[in-house]
Every structure is written in C-alpha cells, then in structure tokens.
Amino acid sequence: MTESGRFATRRQMLAGTGALGVGIAFSGALSELFAGTAAAQGLGHTGYGPLVPDPKGVLDLPEGFRYRILSREGDELRSGEGKVPSNHDGMSAFGGRGGRVHLVRNHENRVNGKVPVPTVEGLTYDPAGKGGCTALTLDSRNRVQSERVAIAGTAVNCAGGPTPWGTWLTCEETEDRAGTNGYTKDHGFIFEVDPADPHRTGAVPLTAMGRFAHEAIAVDPRRGVVYETEDAFEKPFGLFYRFLPNRPLGGTGSLRAGGRLQAMRVPGVPDLSSVQEVGAAFDHIEWVDVPDPQAAQTPIRFQDFGRGGITHAQKLEGCYWGGRSVYFVSSFARRSDGSAADHFGQVWRYDPERRRLTLVVVFGPDTDVQLPGESPDNICLAPSGGLMVCEDGNGAQHVFGVTRRGEVYAMARNRQNIGTAQEPEWGEFAGVTFSPDGDTMYVNCYTPGTTFAVTGPWRR
C-alpha cells in the first residue's frame, strides 16, 4: 500500500500554496459505477464545500463536519494487553447491540514495525509476526468502550473485507516463508476475525484461499463467492482471483472447509493496463483453476496456467461489492515498471451473471494530473451516494469523494507532518468505511497511526 512513487502533481503543488481547487479530472462512467446499488437513488452531485484548515493541525474537513480521534499508535490499549500498534490500514465497521459499533482495524507491520501487535494467547499465529488486527467497540456517540487485540502474529496486514455474516477477513500482503525474516511459519494468507469475540475465530489461516501478497476481498452476498486482489508492484504483476467455497455463506468458520481458487483470464488481454477506454467491456470472462494455491514451489503469478496464459495487472488493491457486481482497483500502472500502458488508477467492474468485465473509471494520464503519484487505494460507497477514495501518494494526502457526474472533491486532508518543516510529508489515508447507520465515516491515517470518526451533514 505504500509503494507509490516519489512524484509531485500540479494539485499537490497547489495544495502546498493553499490554492487547492482539487485539480483532478476524473474520467469515467460514474453512473455505471453506481448503477444497481442502493446508493444510486440518493447520489449527490456536488461535494460539501472547501476544506477548512484545522486549528489543531490534525485533519481538515468541510464546514459543518467534525472529527473525533478514537485511537493513536503508542497509546495504551484499554484491554491492558500493550500499546496501540502502528501502521493503521484496512478497516471495517459492524453493527452491535444497543447502537454499538465494532471496528476491526489492520496493522500493516513488517518485521521492522515500530509498535507490534501484542501477542495474546489463543489469538497469535506466529510469535515472530508483528502484524495483526485490533478491535474497538464504540457506543452510539462514538465513544470508545473497549480496544483490544483481535489477532496477532500475522504479517503485513494490509486490507481485507467484511463478510455477509459479520466477520472481517484480514489479508497478509507478503509471501514470506518460515525461516525468512525470522518468521516461524509461512505467511501470505487470509484470516477470519470476529469483531465482537475474536477468540471465537482465533488465528487460523484460510489456506485454501491461496498464499500470495493479498490486498483486499469482497464477498458476493448471494453466491458466497469471495473475490481477492493481489498487490504485486513488480512483474509479473498480480492476478484477480475468486474463491469458490465448499460451504458458501455458511457463517463464521465456514471458509475453513476449503474450496477452489481460480484466477481471472480476459481472453486476448494479458495486461489490464492496456485497456484505456472507459466503458470497454469484455464478455465470456474465463476463470482458471490455480495449479498450486499454496505456492509450495512457485508464487502463483509465476505459475503455468496453460494455453492462453492468465491476465495480470499492476497494483491491484481496493475491492468491494456493490449491487450485483464486484469492483476492484488498480492503483496505477507504469510502462517503466513493465506495464503495457500508463494510468494513475483504474476501477473495474465484474458482473458474475453476465460474466462481463467493464472498465468504469480511469484516473489520468489524459487528465490535468500531470505526473504519477495520484493513486486510488481503499474505496467504499458512501451511504448517501458517491464513492470515497483514500489517496496513497506523496505530498498532501486526502480522502476524495466522487460524485455521480464524475466530479472529484476533497473530503479530508491529513495535516499531521511526519517529515520535517523543511521537507514536510504526510501519511496516507486508509480503511475508509461508514457506520451501519451511515452517520459516521471512519478512516485511518497510516502514519502516525490514527483512527478518526468523522460526523456531519452527510445526507445534505
């Protein structure tokens, strides 16, 4: 998630002078992006106005919005298990009793993670792993009631996704094996986390779902198929997968029963970056069984998929289910890295009923974003309509909103400087998600690890 290049854009330079008009031209058929979703009926057509500088220098928001800091890295966990871990990443919100909200938050710690996830008996996979998840329980007014370890001993927990039965699937974005970097077990798996009772799910890798550099997942709520993205920065680039569970929609723990892992093949398209025209659609998408999901000898993206090969894409990241389709993001593609073409972000839609793949959104380079570095990452649908996108680049970092008309507006700007006064640097946003009632947006600042609750006139 933090592989974006060291580039500046015209928008970032304008932001540095205070003359920010959000100079992004967002090309795409946004009406198609939201078609068939519950949000489509109430989609907004404008943003919420200019960002107001925060006098505390933490988070800039539009007028009428306010934030609450729920948690910061290095503070004590309320459970007494240790300190709040660093590198706040993917996150999701789940409804609880009495208006409570359960947040599950990833910590993308590598072996050099500043503040590791504390090891807890019954919740630790590999004691040498510093990644994992923490869980917060909030009351109806977004006050923290509890904060505790949800899973520990994992590695590079980047994103993931919620299940229809109310659990979180956390993804390891690594392929490190036991004996590498001090690990005692193989890594590169998905783990299920119960936000209300983590001991119910424990620390069990869902091995049948593949061992690779996972990024995010989305579950088809009618069929139970799980879609998975692979974040590969260098060639051969990552694949887009689907997992066919033996017990689809079976509830907590059902994914342990195994299933088939397949990779997407778009006939005649070996690299998705080569597709540049918004609205381009491909029918009769093929799904090919992965020869060795455990990657015992060869990483999956290197494996032989037979005649016709397989379809790759650079930096496959965000993934979510909307309406009757799954959407997934390619954060960027660069010819200099080996991609077939350049772009600063794509959003793809796959309709499983029609077996159709459609390119619905493209960021640059044929926009007023002049250079790479403007990369969409975590995405989610806002309950009042529209799309929220976490920016993963350099310079000023934002949460952007996207309207049905394709207008892009700044929803939040991080003001926490992790650089120096002479060379300021701001941490990216991650894990944007909304409360079940739609009244609160939760979002993380990756560094310094901070979790925010943002409230205001969302339905305006």
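The residue numbers shown here count from 1 along each chain, following its written sequence. Per-residue local features of the predicted model are confined to residues with pLDDT of at least 70, and side-chain atom pairs are confined, for both listing and counting, to 80 or more; whole-chain, interface and lining totals are unaffected and use all residues. Only hydrogens and water are set aside when side-chain values are computed; all heavy atoms of the structure are taken into account.

The name given to the protein chain in an unreviewed UniProt entry is PhoX family protein, with Streptomyces indiaensis as the source organism.

Asks: Any details on the pattern of salt bridges? Residues and values, ideally.
Replies: Salt bridges are identified by distance alone: a Lys or Arg side-chain nitrogen within 4 Å of an Asp or Glu carboxyl oxygen. Taken as a whole, this structure holds 22 salt bridges when the rule is applied. In this structure, aspartate 60 and arginine 413 form a salt bridge, with 3.0 Å as the shortest nitrogen-oxygen distance. Taken together, the residues span a long stretch of sequence, with aspartate 60 in strand 3 (residues 59-62) and arginine 413 in strand 25 (residues 408-414) at a distance of 353 residues. When sorted by exposure, aspartate 60 lands in the same class as arginine 413, which is buried. One salt bridge connects arginine 324 with glutamate 353, and the closest N-O pair in it is separated by 4.0 Å. Here arginine 324, found in the loop between strand 18 (316-322) and strand 19 (325-330), pairs with glutamate 353, found in the loop between strand 20 (346-351) and strand 21 (356-363); they are 29 residues apart in sequence, far enough to count as distant. Relative accessible area serves as the criterion here: at 52%, arginine 324 is assigned to the exposed category. Think of it in three bands: residues with accessible area under 20% of the maximum for their type are buried, residues over 50% are exposed, and the middle band is partly exposed, with areas taken using a 1.4 Å probe on protein chains only. Taking relative accessible area as the criterion, glutamate 353 reaches 42% and is therefore assigned partly exposed. Three or more residues are tied together by salt bridges with common partners; here these are Asp220, Arg222, Arg223, Arg324 and Glu353. Numbering goes from the N terminus for both helices and strands, where a helix is a DSSP run of H or I of at least four residues and a strand is a run of E of at least two.

Asks: Quick rundown of the layout of surface pockets? Include the residues and the values.
Replies: Approximately 980 Å³ is the volume found for the largest pocket. Here a cavity denotes grid points, spaced 1 Å and computed from the protein atoms alone, that fit a 1.4 Å probe unable to get out, and a pocket denotes an open set having protein on both sides within 12 Å along at least 5 of 7 lines; residues with an atom within 4 Å of a point are the lining. What lines the largest pocket is a set of 41 residues, and nearest its centre among them are Ser92, Pro162, Tyr320, Trp321 and Cys380. Elements with a contribution of two residues or more to the lining of the largest pocket: strand 5 (88-95), strand 9 (157-162), strand 12 (214-219), strand 18, strand 22 (376-381) and strand 26 (429-434). Nonpolar residues are Ala, Val, Leu, Ile, Met, Phe, Trp, Tyr, Cys and Pro. Charged residues are Asp, Glu, Lys and Arg, and all others, Gly as well, are polar. Of the residues assigned to the lining of the largest pocket, the class counts are 25 nonpolar, 15 polar and one charged. Grid points are joined across faces, edges and corners, and a volume is the space filled by probe spheres set on the points.

Asks: Break down the packing of aromatic side chains for me, citing the residues and quoting the values.
Replies: Any two rings among Phe, Tyr and Trp, with Trp reduced to its six-membered ring, count as a pair given centres within 6.5 Å; such a pair is stacked if its planes are under 30 degrees apart, edge-to-face if over 60, and tilted if neither. Counted according to the given criterion, the structure contains 17 aromatic pairs. A centroid spacing of 5.0 Å and a plane angle of 75 degrees characterise the contact between tyrosine 48 and phenylalanine 65, whose relative ring orientation is edge-to-face. With tyrosine 48 in the loop between helix 2 (30-34) and strand 2 (51-52) and phenylalanine 65 in the loop between strand 3 and strand 4 (66-72), this residue pair connects regions lying 17 residues apart in the sequence. On the accessibility criterion, tyrosine 48 (10% relative accessible area) is buried. Between tyrosine 320 and tyrosine 327, the ring centres sit 5.0 Å apart and the planes meet at 10 degrees, which makes this aromatic pair stacked. According to the relative accessible area criterion, tyrosine 327 is buried, its value standing at 0%. A connected cluster of aromatic rings, assembled from ring pairs, spans Tyr227, Phe240, Trp287, Trp321, Phe328 and Tyr350. Throughout this description, the term charge over a ring refers to an Arg CZ or Lys NZ atom that lies within 6 Å of the ring centre and within 35 degrees of the ring normal. The ring of phenylalanine 332 has arginine 334 lying over it, and the distance from NZ or CZ to the ring centre is 4.0 Å.

Asks: Give a detailed account of the pairing of strand 8 (residues 144-154), specifying residues and quantitative values.
Replies: Buried residues dominate strand 8, accounting for nine of its 11 residues. When DSSP finds two or more bridges between a pair of strands, those strands are recorded as paired. With eight bridges joining them, strand 7 (residues 131-138) and strand 8 adopt antiparallel strand pairing. Each bridged residue has a counterpart across the sheet, and for alanine 135 the counterpart in strand 8 is arginine 148. Adjacent in sequence and paired antiparallel, strand 7 and strand 8 are bridged by five residues, among which asparagine 142 carries a positive phi angle near 60 degrees.

Asks: Let's hear about the sheet that holds strand 5: which residues, and what values?
Replies: If you trace the four strands from one edge of the open sheet to the other, you get 5-6-7-8, paired in antiparallel fashion. Either end of the sheet is taken by a strand with one partner, and the two such strands are strand 5 and strand 8. Between one strand axis and the next, the sheet turns by 20 degrees as a mean value, whatever way the strands run. Where strand 6 (residues 101-107) lies against strand 7, seven bridges are found, and the strand directions are antiparallel. Looking across to strand 7, one finds that leucine 103 is bridged to leucine 136. Only the contacting stretch of a helix is used when fitting its axis, a line to C-alpha atoms as for every element, and angles between N-to-C directions run 0 to 180 degrees.

Asks: Mind laying out the sheet that holds strand 13 (residues 226-230), listing which residues take part and the relevant values?
Replies: In spatial order, the strands read 12-13-14-15-17; together these five strands make up an open sheet with antiparallel pairing. Each edge of the open sheet is held by one strand with a lone partner, namely strand 12 and strand 17 (286-289). Neighbour-to-neighbour, the strand axes of this sheet turn through a mean angle of 30 degrees, independent of strand direction.

Asks: Tell me what's going on with the nonpolar core, and back it up with residues and numbers.
Replies: Core analysis: the biggest nonpolar cluster contains 26 residues, and Tyr227, Phe240, Met264, Leu272, Phe328 and Leu357 have the highest contact counts within it. Elements that contribute at least two residues to this core include exactly strand 12, strand 18, strand 19, strand 20 and strand 21. We define the nonpolar core as a collection of buried residues of types Ala, Val, Leu, Ile, Met, Phe, Trp, Tyr and Cys that are connected through side-chain atoms lying within 4.5 Å of one another. One finds Tyr48, Leu61, Val399 and Cys445 within the second-largest nonpolar core, a separate group that totals 22 residues.

Asks: A description of the environment of threonine 420 should follow, citing residues and the corresponding values.
Replies: Within the element layout of this structure, threonine 420 appears in the loop between strand 25 and strand 26. Here a polar contact means two N or O atoms within 3.5 Å. Within protein one must be a hydrogen donor candidate and the other an acceptor candidate, and residues neighboring in sequence count only if both atoms are side-chain atoms. Reaching out from threonine 420, the side chain makes a polar contact with the backbone nitrogen of glutamate 423 at a distance of 2.8 Å.

Asks: Outline the confidence of the model for the protein chain, supporting the account with residue identities and numerical values.
Replies: Counting all residues, the mean pLDDT for the protein chain is 87, and 85% of those residues have values of 70 or more. Confidence of the prediction at every residue is given by pLDDT, a number between 0 and 100. Between two residues, a contact is recorded if the distance between any of their heavy atoms is within 4.5 Å. Segment residues 34-45: pLDDT under 50, and 31 contacts once partners within four positions in sequence are set aside and those in other chains are kept.

Asks: Would you mind going over the side chain of arginine 349 in detail, with residue names and values included?
Replies: Here arginine 349 shows up in strand 20. Side chain to side chain, arginine 349 and serine 325 meet in a polar contact 2.8 Å long.

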